[in-house]
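Chain and residue survey
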Amino acid sequence: MGTAPDTTGTSSSSTAVPSSILKKIILSYTYVAIWIFLSFTVIIYNKFILDKKLYNWPYPISLTLIHMGFCSSVAFLLVRVFHVVDLPSSMSPGLYTSSVVPIGALYSLSLWLSNSAYIYLSVSFIQMLKALMPVAVYSIGVIFRKDAFKSSTMANMLAISLGVAIAAYGEAKFDTWGVLLQLGAVAFEATRLVLIQILLTSKGINLNPITSLYYVAPCCFVFLLVPWVAVELPLLQENSTFHFDFFIFGTNSFCAFALNLAVFLLVGKTSALTMNVAGVVKDWLLIAFSWSVIKDTVTAGNLLGYGLAFLGVAYYNHSKLKALREKEAAERKEDEESGRLLNQREGDETSRRNESEG
């Protein structure tokens, strides 16, 4: 009797994942892991430096000033000395003044206030408050007419806001000033994101993190000098016991700069949606770390409220992805229709040419 054919090798080879796809999946997860690690590190590092119970250096303007000085210097070297990236040719002095300077002012305010909030609030509660970012971006986008008002989207925003309000109500160490600082940081950051679309993207100027830092970081440095001289410089002069730790502030600044590069790597190699999903994972990790290691109090009210806000943000991201896919499908259908009409027109012309020659 004949032996049955061996189909094991065939079936296994047909179900095996191609090496190119497997490599792409591994790289995508690597980019996500790098971004989560650096974002996690910068947040915890800033908290460690600014918290009075830890490193006890409560000078958020000074810390932000150090970051901007470091980022300005490294970005200058990468652009002007090593020529890693090219600058956009359309960036004129007038455009810089009218577009980059307002964005730099908002960015400096956002960083100043968000770093200040670490002095008064726990890491976990700050991540919960940051869930309001989609609400702020959408609301400001509607005000500036970059987004259309939709009752369904606004209902989604209200659900997120309700979740954050419940989390705030359940916060064990609620600090009004700290909450106002973080909400102000969210508002300034959301306005900055909308203005980037209005002042830069709409004019065809797309900046990667290196060129963004090259233009924006020096501007932030100048803006932060004014409140630093007025508020923190006298305090630092009085604090005669302080000695600048080059290792602490050097590694902290390097992590902040590396985070900007990781953002470019993640979004450029995957997508902005991947970054949003990774951000949710990072927030839950930070909440768990804040509770287990830093020993911050996380209440049931915190988790209930943030859980509701998390569901609202997840639904918002899902809606954006669905709308993006529908737009891409419509554009693909339009391109196919245009190609079909073009082929038909070329075929008709060929037929007429053949008829005339015959």
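Structure shown above.
The numbering scheme is per chain: residues are counted from 1 as the chain's sequence reads. Per-residue local features are limited, in this predicted model, to residues with pLDDT of at least 70; the limit for side-chain atom pairs, both in listing and counting, is 80 or more; totals at the level of whole chains, interfaces and linings are taken over all residues. Side-chain numbers here rest on the full set of heavy atoms in the structure, without hydrogens or water.

1. A few points about the overall build of the protein
What counts, and what does not: Secondary structure counts use DSSP, requiring at least four H or I residues in a row for a helix and at least two E residues in a row for a strand, with both numbered from the N terminus. C-alpha atoms define the radius of gyration, and 2.2 Å times the number of residues to the power 0.38 defines the globule rule. Accessible area is worked out with a 1.4 Å probe on protein chains only. A residue is then buried under 20% of its type maximum, exposed over 50%, and partly exposed in between. Contact between two residues is taken to exist if any of their heavy atoms lie within 4.5 Å; hydrogens are not considered. In this description, accessible areas are obtained by the Shrake-Rupley approach with a 1.4 Å probe, and a residue is regarded as covered only by the protein chains that are shown. His is not counted here, nor are the chain ends, while Lys and Arg score as positive and Asp and Glu score as negative. To locate a charge, the coordinates of NZ of Lys, CZ of Arg, CG of Asp or CD of Glu are taken.
Counting its secondary structure elements, the protein contains 12 helices and 0 strands. Mapped in sequence order, the helices and strands of the protein form the string α-α-α-α-α-α-α-α-α-α-α-α. In terms of overall dimensions, the protein is more spread out than a globule: its C-alpha atoms have a radius of gyration of 26 Å, far above the 21 Å expected for 358 residues. When its C-alpha atoms are laid out on the principal axes, the protein stretches across 100 × 70 × 45 Å. Within the protein, the fraction of its 358 residues that count as buried is 40%. Contacts in the protein between residues at least 24 apart in sequence constitute 84% of all its contacts with a sequence separation of at least 6. Carbon and sulfur atoms make up 65% of the accessible area of the protein, which amounts to about 20,200 Å² in all. On the protein, the mean spot of the 26 positive side-chain charges and the mean spot of the 24 negative ones are 4 Å from each other.

2. Looking at the pattern of salt bridges
To be explicit about the condition: Criterion for a salt bridge: a side-chain nitrogen of Lys or Arg within 4 Å of a carboxyl oxygen of Asp or Glu.
Counted by the stated rule, this structure contains 3 salt bridges. Here aspartate 51 makes a salt bridge to lysine 47, at a shortest N to O gap of 2.8 Å. Using a relative accessible area of 4% as the deciding quantity, one classes lysine 47 as buried.

3. Let's talk about helix α9 (residues 209-238)
So the rule is basically this: To estimate the expected span of a helix, count its residues, drop one, and scale the result by 1.5 Å. A residue's bend is given by the angle between axes fitted to the 7 residues ending at it and the 7 residues starting at it.
For α9, built from 30 residues, the straight-helix expectation of 44 Å at 1.5 Å per residue is missed by more than 12%, its first-to-last C-alpha distance being only 37 Å. Its maximal kink placed at tryptophan 228, α9 deviates by approximately 55°.

4. What about the state of the cysteines?
Convention followed: In this description, the term disulfide denotes a pair of cysteine sulfurs within 2.5 Å.
Applying the stated rule across the entire model yields 0 disulfides. The thiol of cysteine 219 is not disulfide-bonded; the next cysteine sulfur, from cysteine 220, is found 5.9 Å away. Of the residues examined, cysteine 219 reaches a relative accessible area of 8% and is grouped as buried.

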